[in-house]
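Listed below, chain by chain, are the residues.
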Amino acid sequence: MSADFGGRTGLRDRLSQWLRKGRAKEAADDGGRESLLLAAADAGLPLAPAAHPVGYRCSCDRVGCPTPARHPVSFAWQTQSTTDRAQLERWVRHQPQANFITATGMVHDVLDVPLDAGREALRRLLDAGVEVGPVAESDDGRMLFFTLTRGTPEEEDEWWPCELDCHPETMDEHPGLRWHCRGSYVLVPPARLPGEDRAVHWERGLEHPLPDPLTLLETLTDACARHVGEESDHAGAAWPLRR
């Protein structure tokens, strides 16, 4: 009986140890998430809570959500976005599953390109000695180049219009390069996407200063043009013309 009891006690001890390790790892993961988000706020990126994945669905429970786990939870995200550490800590601790978006056009813009084009452009920029700022990769096939904003002038007539400007409702219109500026947002790492082990993560961290977007634009647009051209070539090869 004592041996059996000892065996059960040993099993309980091992189970308790395993549970403690699991909780310690979870706490460490949460701490890393919070540290990265606070670092983003310290770098001047205004943040607001966003939806998160529930399996392959979105936590918003909207049927057919067009951007699952990629959108803010509040319609007031532009005014809600903040760099205040105390507020961010409250959000992170009370919403442990939430992703976070960063509102663009206030301090920073984001040049958002297809992943293959972004990797090619990043290589070329670094080889040329161009100062490249923070860069994030998203497992949905996009690369995000964080830059200084073009600004938000007081006079609307002074605003520099750009056909690449991207707003959340116009994402599908910009399959190549998207320029997130005033009125737009992107997920800020670390963020989780629907599916297994899909995420948004930093390729180059926030220790790199934000560059002027124009120093990156030519290389990025050229890489995107090459990417589109290659896709067209592959499509043509897959669907040959019949005689």
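This structure is a prediction, so every number in the text was calculated from the model and none was measured.

Caption draft 1: Just the sheet that holds strand 10 (residues 185–187), in detail. Spatial strand order, 1-4-10: 3 strands in an open sheet with antiparallel pairing. Two strands bound the open sheet, and with one partner strand each, they are strand 1 (47–50) and strand 10. When the angles between neighbouring strand axes are averaged without regard to direction, this sheet yields 35 degrees. Of the pairings in the sheet, the one linking strand 4 (residues 99–103) to strand 10 comprises 3 bridges and is antiparallel in character. Within strand 10, the position partnered with Ala-103 by the bridge is Tyr-185. Strand contacts of helix 3 (residues 85–94): strand 1 and strand 4, with the helix running at about 15 degrees to strand 1, the strand carrying the most contacts.

Caption draft 2: View of the nonpolar core. Leu-47, Leu-88, Phe-100, Phe-146 and Val-188 are the most contacted members of the largest nonpolar core, which has 28 residues in total. Secondary-structure elements contributing two or more residues to this core are helix 1 (2–42), strand 1, helix 3, strand 4, strand 7 (142–148), strand 10, strand 11 (191–193) and strand 12 (198–204). Considering every element that reaches this core, the biggest residue donor is helix 1, with 4 residues. When residues no more than four places from it in sequence are discounted, the contact partners of Val-188 are Leu-37, Ala-40, Leu-45, Leu-47, Phe-100, Ile-101, Thr-102 and Trp-202. Of all hydrophobic cores here, the second largest spans 19 residues; its members include Val-113, Leu-125, Leu-177 and Ala-223.

Caption draft 3: View of the pairing of strand 4. Among the 5 residues of strand 4, 5 are classified as buried, and the element is accordingly described as predominantly covered. Of the two faces of strand 4, the one lined by Asn-99, Ile-101 and Ala-103 and the one lined by Phe-100 and Thr-102 are each fully buried.

What counts as what
- Residues numbered from 1 in each chain as written.
- Predicted model: local features only at pLDDT ≥ 70, side-chain atom pairs only at ≥ 80, totals over all residues.
- Heavy atoms only, no water.
- Pairing = 2+ DSSP bridges.
- Helix = DSSP H or I, 4+ residues; strand = E, 2+ residues; numbered from the N terminus.
- Axes fitted to C-alpha atoms, helices over the stretch in contact; angles between N-to-C directions.
- Contact = heavy atoms within 4.5 Å.
- Core = buried A, V, L, I, M, F, W, Y, C linked by side-chain atoms within 4.5 Å.
- Buried < 20%, exposed > 50% of the residue type's maximum accessible area, 1.4 Å probe, protein only.

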